Amino acid sequence: MKIICIGRNYVKHIEELQNERPKDPVIFLKPDSAILIDKNPFIIPHFSNDIHYEVEVLVKINRLGKFIDQKFAHKYYEEIGLGIDFTARDLQNELKGKGLPWEKAKAFDGSAVIGAFRSKKGLKLDNLGFQLYKNDELVQNGNTQHMLWKIDEIIAYISQFFTLKIGDIIFTGTPEGVGKVNSNDILRGKLNGQENFSVNVR
């Protein structure tokens, strides 16, 4: 399986990092080795002094697809989840400044937290609330209604470039409020009012 991530999909997040608003979705990948094994702590890597949390709504692909029409995209997933895209912000800024790819800053081991998936039935996917708490303080409060590109648009766009396979996971972008994690932090994510994951930082 592969993890396909969408960057710059919320306007206020674009503004807080002083990035340009893209005309098309920004895509990057994480390998399966980026997945933080369930119940394991996230260990701050030695190569960064500025690891940021980015909470995101996740989509799990359940059928093979290529060149998917947007009107049929809803048939390619049945489950929605929540996760964190951990980012080495200092390393990312250095790489961006040199015009180099971001993978070292985004795709390192343990950089993808994947919470529990739940059926999309009964959920308003275009008005879905989600939150991240750090040490019980609300730090990110997002809603999918603020996405520049909605889930079905994302699936259709990605499938122009990559064949989507069963088990692939899409990270759909983060809202504003990203920030640094420190050792002993506890991160908890909520999706549609229900706790979805909890991660200890070491």
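Okay, so let's go over this structure. Going along each chain's sequence as written, the residues are numbered from 1 onward. Given that this is a predicted model, residues contribute local features only at a pLDDT of at least 70 and side-chain atom pairs are listed and counted only at 80 or more, while totals for whole chains, interfaces and linings are drawn from all residues. Just so you know, side-chain values use all the structure's heavy atoms and leave hydrogens and water out.

Turning next to the environment of Met 1. Under the DSSP-based scheme used, a helix requires at least four consecutive residues in state H or I and a strand at least two consecutive residues in state E, with every element numbered from the N terminus. Tracing the sequence through the fold places Met 1 in the segment before strand 1 (3–7). Along the primary structure Met 1 and Lys 98 are separated by 97 residues, whereas in three dimensions their C-alpha atoms are 30 Å apart. The contact criterion used throughout is that any non-hydrogen atoms of two residues lie within 4.5 Å. Filtering out sequence-adjacent residues up to four positions away, Met 1 remains in contact with Asp 32, Ile 35, Gly 167, Asp 168 and Ile 169.

When we look at burial in helix 2 (residues 89–97), the residues that qualify are Arg 89, Leu 91, Gln 92 and Leu 95. Viewed along the axis of helix 2, the buried residues span an arc of 160°, placing them on a single side of the element. Those residues of helix 2 hidden inside the fold are in contact with strand 3 (51–53), strand 6 (87–88) and helix 3 (103–106). Positive phi shows up at Gly 99, right after helix 2, with a value of about 70°. In this scheme, a residue with accessible area under 20% of its type's maximum is buried, one over 50% is exposed, and one in between is partly exposed, where area comes from a 1.4 Å probe on protein chains only. Read the arc as the range of directions from the helix axis to the C-beta atoms.

This part takes up the layout of surface pockets. Any residue with an atom within 4 Å of a point lines the site, the site being either a cavity, points on a 1 Å grid over the protein atoms alone where a 1.4 Å probe fits but cannot get out, or a pocket, an open set with protein on both sides within 12 Å along at least 5 of 7 lines. Grid points are joined across faces, edges and corners, and a volume is the space filled by probe spheres set on the points. Considering only enclosed or pocket space, the largest pocket measures out at about 250 Å³ in volume. In terms of lining residues, the largest pocket is bounded by 15 residues, among which Asp 38, Lys 39, Phe 197, Ser 198 and Val 199 are the most central. Within the residue set of the lining of the largest pocket, elements represented by two or more residues are strand 7 (112–114) and strand 14 (194–200). In terms of residue count, the dominant contributor to the lining of the largest pocket is strand 14 (five residues). Residues are grouped as follows: Ala, Val, Leu, Ile, Met, Phe, Trp, Tyr, Cys and Pro are nonpolar; Asp, Glu, Lys and Arg are charged; all remaining types, including Gly, are polar. Tallied by class, the residues present in the lining of the largest pocket amount to eight nonpolar, five polar and two charged.

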